[in-house]
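Fold and contact review
Here are the chains, one letter per residue:
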Amino acid sequence: MNTLLEVCNLTKSFTLHLIDGRTITPVRDVSFSVSAGEHLLIHGRSGMGKTSILKCIYRTYLPTSGSIWFVSRQFGRIDLNQADENVILQLREREIGFCSQFLRVLPRVSALDVLCEPLYRQQMDRATAQAIGKEWLERLGIAPELWQASPITFSGGEQQRINIARAFIARPRLLLLDEPTASLDEATKQVVIAMIRAAQAEGTAIISVSHDLSGLGPCADRQWTFQPAR
Amino acid sequence: MTLENWLLRVERLHKHFGPTCPDCHRLTGPDNGRSRCPRCGTVWACVDVNIQLEAGEVLGIVGESGSGKSTLLQMIYLALRPDSGHIWYRDEGEPARDLVSLNRYEARVFRNSRIGIVYQRPELGLNMRFSIGGNVAEKLLLAEWRHFGRIRARTTELMVKTELPPERIDDEPATFSGGMLQRVQIAKALASRPGLLLLDEITSGLDVSVQARVLDLLRRIQWEDRITMLLVSHDLGVVRQLARRTIVMKNGHIVEAGLTDQILEDPQHPYTQLLVSSAL
Amino acid sequence: MSEKIDQLYNFALLDEDAKREIRRKLLKAVALPGHLVPFASRDLPIARGWGTGGLQITLAIITPDDTLKVIDQGDDESVNAVNLRRLIGRTTGVATTTDTASASLIQTRHRIPEEPLRADQILVLQVPMADPLRWVEPNLERATAMHSESDYGKMWVYMYESVVRAGDLRIASQYPVMVNRRYLMDTTPIPRWDVPKLHMAETLYLFGAGREKRIYAVPPYTLVEPLQFEDYPFRTEYQPDQRCARCGAEQVFLTTHFVPDASGGRWVSTCSDAAYCAKRLAEAEALL
C-alpha cells in the first residue's frame, strides 16, 4: 500500500484559560493511516472529537503530542505536527485541502470567484482559473445566471456544492471533509459522491468525518468508528 | 524545514516613551495587564518584537488599542525610530538591509519606492486639497516620473484596478465616499509598485458591505500582484479574510503567533482566548 | 556719478558686526546653493517688504571701489530704486551707474538685466517670499524638514495640478527651480524670461528676504533647472512676433503700457529693462 498519511499516537488537549484553566482532551492516543486513492470515513457521535482529528492534520489545531507523517510531493515525508508554518501554508495551497461544514465567504464576491479562489492563490491566471471554475459549476448543476452572483444568495444545497467543490478544485493529494453531506438533499449528495469518486480515481486520499453512516458510508473504502477519549 | 523567502524581518524591536526606571520591566507587560509603568509613567509600546514576513504573504497583527501594533507599524514605515533592534528588508536577489540604519533622507527614499501605506482615516493618507489624480500621482512624481501623459495613464490604470471611476480623476477627495477614499489610498499606495503594503485599520468605520468590497479588492491585489502585506486590525473577521498568519499583541508584547485559523480556533494564550471569545 | 557721503553713519550704514554676520551667512549660502540660510534681519530706515533683504546683502558686501546699479522692475528711475541708490550712495560714497556693463554690484527687484552679466559682477535680488514650499506646506517646520530631505513630492503634485487645472504650467513668476539637483528654490518675482539666466551663469546671484530673514545664493556655474514635465516643458513669456516699440529689440522681456493719444490711446510694448533700451537707442543714434 502506498501510505500517504500516517497518524501516530495523536493527542489533542485544550486548556481553557477562561474557565479556571480547565483541560479537556477530545483526542487521545489516536493512530491510523491512509493510502493514496483511499477514502477513510471516521464516524461517531457529534462533539466527540472527530473534527479535532481533521483540524490537527490541517494544523488548525496544534496537536498536543504525537506525529502526523505526510508524504509530501514538495517536502518528502514530514511530520505535520512539527512542520514550519510556511511549509504548512505551502501544503495547504498545493497538497492538502480542507472542507468545513459551512461556506464562509465575503459578500459581493461572485460564486465563480469564490470557487476559483484556491486557483488564484496558486497564481493561476484569471482566465484559465475561470475556465476550470465554469466547468465545475456546470458539473455541479449551478445555473449559469447564478455564476456571477454571491453564493450568500444561494440555497443551502447550492452553497454546500460550491463549498465542497472549492476543496476539490485545487486537486489536493489529501482531502479532509468535515461532515460534507450533512444537511444535503439527495441530488446534491449524489453530486458530492461523484466528486469524491473522481478525486479518488486520480489518487487523492480522502478522510471524511460524519456522525451518520448513511451519507458517505456506501462510498468509503474503510470505516472507522471513533471512540471518544475518556 | 524552512523556506528562506522572507521580505521583512523584525528583530528584537524595542520602543518606549518616557524616562524609564528600574521597576519598569517588573511592572509592565501582558502579565501585569499594562504597558505604562505605574512608578515612572514610561509607556512600553514595543518590547522585544520579532516578526518575519514571507514574500507575498499577508500577516495580520491583532490587539486592542494600546497594544503597540500601531507603533510597530509606524516603525516599519520608518516614521518612528526604534530604541533598539533591527528591521531587515530583502529585495529578491539582493542582500538584506537594516532599515533602522538608514538616515532620514534614505528612509524617505526607501519608503517612497518600497512601502505603501493605507490609513484608517483617509485624510492622513491623502491631501484633501489635491485632486484624486494628484494624490495618486504623488508617488509617481516622487519616483521621478516626469511625463504628464504617462502619469495620467498610470493613474487611470490604478483607478481601474481599484474599481474607481477613471473619469473622476480630477475630482476633489471631498466628493468621494469613505469606501472610495480607501480605494484611492490603495491606488496611491500601489502606484510605485511597492514590495510591502501596510494596512492600518483600513476598514474600521466603513459599512459592512463597503468593507467587504475593500477586502475583496485587497485579496485580488494580493493574488494577482503577490504583494506582501502587513495588516493591523482589531477586527478578527478582517484578519481571517486576508491574513494567513497572525500575531497577537498585548501591552507591547507579542503573546501569540501562528496560522490565522489556528489563532482563531485553537488560541493558546489566555489573552487570545479572551479576544476570540469576545469577538465571536 | 556719486552721492555726497554722510559722515554721521558707519560705512554702508550697518555696523561691522551685522555685516560680518551677513557675510558669514552668505558664505554658507554659496556653499549650499539654493539652501535657505536664516539671518538676523536688521531694522533699516526703510520698511520691511521694500527690499530690506537685498539692501542688507548689498550693504554687507559693498566696498568703496564698487560701482553700484539699483533697478526696480527693470527701471533705474523708479522711486524705490532711486531711494535705495541714494541711501547706499550717501552711506558709502561709492560711484553709481545705470549702465549694467559698468556696474560691479547690482541690486534688483523683479528683473535680471538683459545685458549678459560677467564673472566680476554680483547681482543681489530682493526677495519677498523665500520658500517655494509655502504653496504646499504652510507649516514652516515641516517645510524645513522637507527641504532637508529633498522631499519635493508635494511641489510636483502642485505642478501636476497646475497642468490639470490650467492645461499648462501657469506660473507667471517665482517659478520654482531645482538648484544643483538638491534644493528647490524660489526664483523671486523674476519673470520666467529671466529664469534660464540663472542656469550655469558666470555671475554670483545673491538673494535676500528681509521680512522672512532668509538668505540664499546661486553661485556661478550652478545647475538651475525649472520644474517641468517632458510633455509640458517650461516656457518663457517669449512670443515670436514680439518687439520693443522703442528700440526694436526682439529677444527681450517686454512690459506693456497704455499710451493715450488723440484717438483714445493704445497698448505699447517696450523693453522692461529701461537702461538696456536707452543704451540701444543711444547706440543707434550714434550710428546715424
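The following refers to the structure shown. Just so it is clear, the structure is predicted and the values come from calculations on it, not from any experiment. (Residues numbered from 1 in each chain as written. Chains lettered and ligands numbered in written order. Predicted model: local features only at pLDDT ≥ 70, side-chain atom pairs only at ≥ 80, totals over all residues. Heavy atoms only, no water.)

Our next topic: the packing of helix H3 (residues 111–121) of chain A against helix H8 (residues 208–225) of chain B. Two packed helices can be described by the angle between their axes and the distance between those axes. Two elements in contact, H3(A) and H8(B), have axes separated by 9 Å at closest approach and are oriented at 35°. Contacts between H3(A) and H8(B) pair Glu117(A), Tyr120(A) and Arg121(A) from the former with Arg219(B), Gln222(B) and Trp223(B) from the latter. Its residues assigned to classes, the contact of H3(A) with H8(B) comprises two nonpolar, one polar and three charged. (Axes fitted to C-alpha atoms, helices over the stretch in contact; angles between N-to-C directions. Helix = DSSP H or I, 4+ residues; strand = E, 2+ residues; numbered from the N terminus. Contact = heavy atoms within 4.5 Å. Nonpolar A, V, L, I, M, F, W, Y, C, P; charged D, E, K, R; others polar.)

A separate point is the sheet that holds strand S7 (residues 183–185) of chain C. Residues and elements named next belong to chain C. Reading across from one edge, S7-S6-S10 is the order of the three strands in this open sheet, with antiparallel pairing throughout. Two strands bound the open sheet, and with one partner strand each, they are S7 and strand S10 (224–226). Neighbour to neighbour, the strand axes of the sheet diverge by 35° on average, direction disregarded. Sheet topology note: the strand S6 (residues 177–179)/S10 ladder contains three bridges and is antiparallel. Among the inter-strand pairings, Val 177 is bridged to a residue of S10, identified as Pro 226. (Pairing = 2+ DSSP bridges.)

Taken together, the contacts link 33 residues of chain B with 33 residues of chain A. Roughly 3100 Å² is buried in total at the junction of chain B and chain A, and carbon and sulfur atoms are behind 54% of that figure. Remark: the boundary between chain B and chain A carries eight salt bridges. A salt bridge links Lys12(A) to Asp266(B); the shortest N-O distance between them is 2.6 Å. For the pair chain B and chain A, the number of links is 15 residue pairs in polar contact (both at pLDDT 80 or more). Where the side of chain B that touches chain A is concerned, the elements lending two or more residues are H8, helix H9 (236–242), strand S10 (253–259), helix H10 (260–265) and helix H11 (270–279) of chain B. Ranked by the residues each element gives to the side of chain B that touches chain A, the list is headed by H8(B), at 11 residues. (Buried area = accessible area lost by both parts, 1.4 Å probe. Salt bridge = Lys/Arg side-chain N within 4 Å of Asp/Glu carboxyl O. Polar contact = N/O pair within 3.5 Å; in protein donor to acceptor, adjacent residues only side chain to side chain.)

Moving on, we get to the state of the cysteines. All names here are of chain A. For the structure shown, the criterion picks out zero disulfides over all chains. The thiol of Cys 56 is unpaired, and the distance to the nearest cysteine sulfur, on Cys 8, comes to 14 Å. Overall, Cys 56 belongs to the buried group, its relative accessible area being 0%. (Disulfide = S-S within 2.5 Å. Buried < 20%, exposed > 50% of the residue type's maximum accessible area, 1.4 Å probe, protein only.)

What follows covers the arrangement of the chains. By number of contacts, the leading pair among the two pairs of chains in contact is chains A and B. Over all C-alpha pairs, chain A and chain C never come within contact, reaching a minimum spacing of 34 Å.

Buried together is how nonpolar side chains tend to be arranged in soluble globular proteins. Counting residues in each nonpolar core, the largest one holds 133 residues, and the members touching the most others are Tyr205(C) and Phe229(C). What Phe229(C) contacts, discounting residues up to four positions off in sequence, is Leu141(B), Arg146(B), His147(B), Phe148(B), Ile151(B), Trp156(C), Met159(C), Tyr160(C), Val163(C) and Leu169(C). Leu5(A), Cys56(A), Phe75(A) and Leu91(A) belong to the second largest nonpolar core, which has 36 residues in total. (Core = buried A, V, L, I, M, F, W, Y, C linked by side-chain atoms within 4.5 Å.)

Attention now moves to the pattern of salt bridges. Within the structure shown, the criterion is met by 58 salt bridges over all chains. Residue Glu138(B) pairs with Lys188(B) through a salt bridge whose shortest N-O separation is 3.5 Å. With Glu138(B) in helix H5 (residues 132–142) and Lys188(B) in helix H7 (residues 178–190), the pair connects residues that are 50 residues apart, well separated along the chain. The pair Glu138(B) / Lys188(B) is uniform in exposure class, with both members buried. The closest approach of N and O atoms between Asp171(B) and Arg168(B), which form a salt bridge, is 2.8 Å. The class of Arg168(B) is partly exposed, set by a relative accessible area of 21%. Sharing partners across several salt bridges, the network here consists of Asp113(A), Arg126(A), Glu163(B), Arg213(B), Arg220(B) and Glu224(B).

Each aromatic ring pair is characterised by the separation of its centres together with the angle its planes make. In this structure the tally under the stated criterion is 15 aromatic pairs over all chains. Between Tyr89(B) and Phe110(B), the ring centres sit 4.9 Å apart and the planes meet at 85°, which makes this aromatic pair edge-to-face. Here the residue Tyr89(B) occupies a position in strand S4 (residues 84–89), and Phe110(B) occupies one in helix H3 (residues 104–114), the gap between them amounting to 21 residues. There is no split in this pair, since Tyr89(B) and Phe110(B) are both buried. Considering the side-chain rings of Phe148(B) and Tyr160(C), the 5.3 Å spacing of their centres and the 40° angle between planes classify their relative orientation as tilted. One end of the pair, Phe148(B), is in helix H6 (residues 148–161); the other, Tyr160(C), is in helix H5 (residues 153–166), on a second chain. Here Tyr160(C) falls in the buried class, since its relative accessible area comes to 0%. One aromatic cluster in this structure is built from Phe148(B), Trp156(C), Tyr160(C), Phe229(C) and Tyr232(C). Directly above the ring of Trp156(C) sits Arg146(B), whose terminal nitrogen or CZ lies 3.5 Å from the centroid. When the ring centre of Tyr183(C) is taken as origin, the NZ or CZ atom of Arg182(C), which lies over that ring, is 4.2 Å away. (Phe/Tyr/Trp six-rings, centres within 6.5 Å; stacked < 30°, edge-to-face > 60°. Lys NZ or Arg CZ within 6 Å of the ring centre and 35° of its normal.)

Here we come to the environment of Thr92(C). Residue and element names in this part refer to chain C. Position of Thr 92 relative to the elements: it lies in helix H3 (residues 79–92). Not counting chain neighbours up to four residues away, the residues in contact with Thr 92 comprise Ile 5, Phe 11, Ala 12 and Ile 62. Among the polar contacts listed, one links the side chain of Thr 92 to the backbone oxygen of Ile 88, at a separation of 2.6 Å. Within the structure, the side chain of Thr 92 is placed 3.2 Å from the backbone nitrogen of Val 94, a separation counted as a polar contact.

A cluster of nonpolar side chains, Leu18(A), Ile19(A) and Leu274(B), forms an exposed patch at the surface whose accessible area comes to about 260 Å². Since its relative accessible area comes to 39%, Ile19(A) is described here as partly exposed. (Patch = residues over 30% accessible without salt bridge, like charges linked within 9 Å, V, L, I, M, F, W, Y side chains within 5 Å. Areas by Shrake-Rupley, 256 points an atom, 1.4 Å probe, with all protein chains shown as cover.)

Quick look at the interface of chain C and chain B now. Across the boundary between the two partners, chain C contributes 20 residues, which contact 23 residues of chain B. Interface area for chain C against chain B, summed over the two sides, is near 2000 Å², with a carbon-plus-sulfur share of 58%. On the chain C side of the contact with chain B, Glu149(C), Val157(C) and Tyr160(C) bury the most area, a combined 32% of that side's loss. Run the count over chain C and chain B and you get five salt bridges. The residue Glu172(B) makes a salt bridge to Arg165(C) at a minimum N-O spacing of 3.6 Å. Viewed at the interface, chain B and chain C are joined by 12 residue pairs in polar contact (both at pLDDT 80 or more). With nine residues, H5(C) is the largest single contributor of residues to the side of chain C that touches chain B.

Note that all results are geometric; they support no functional claim without further evidence.
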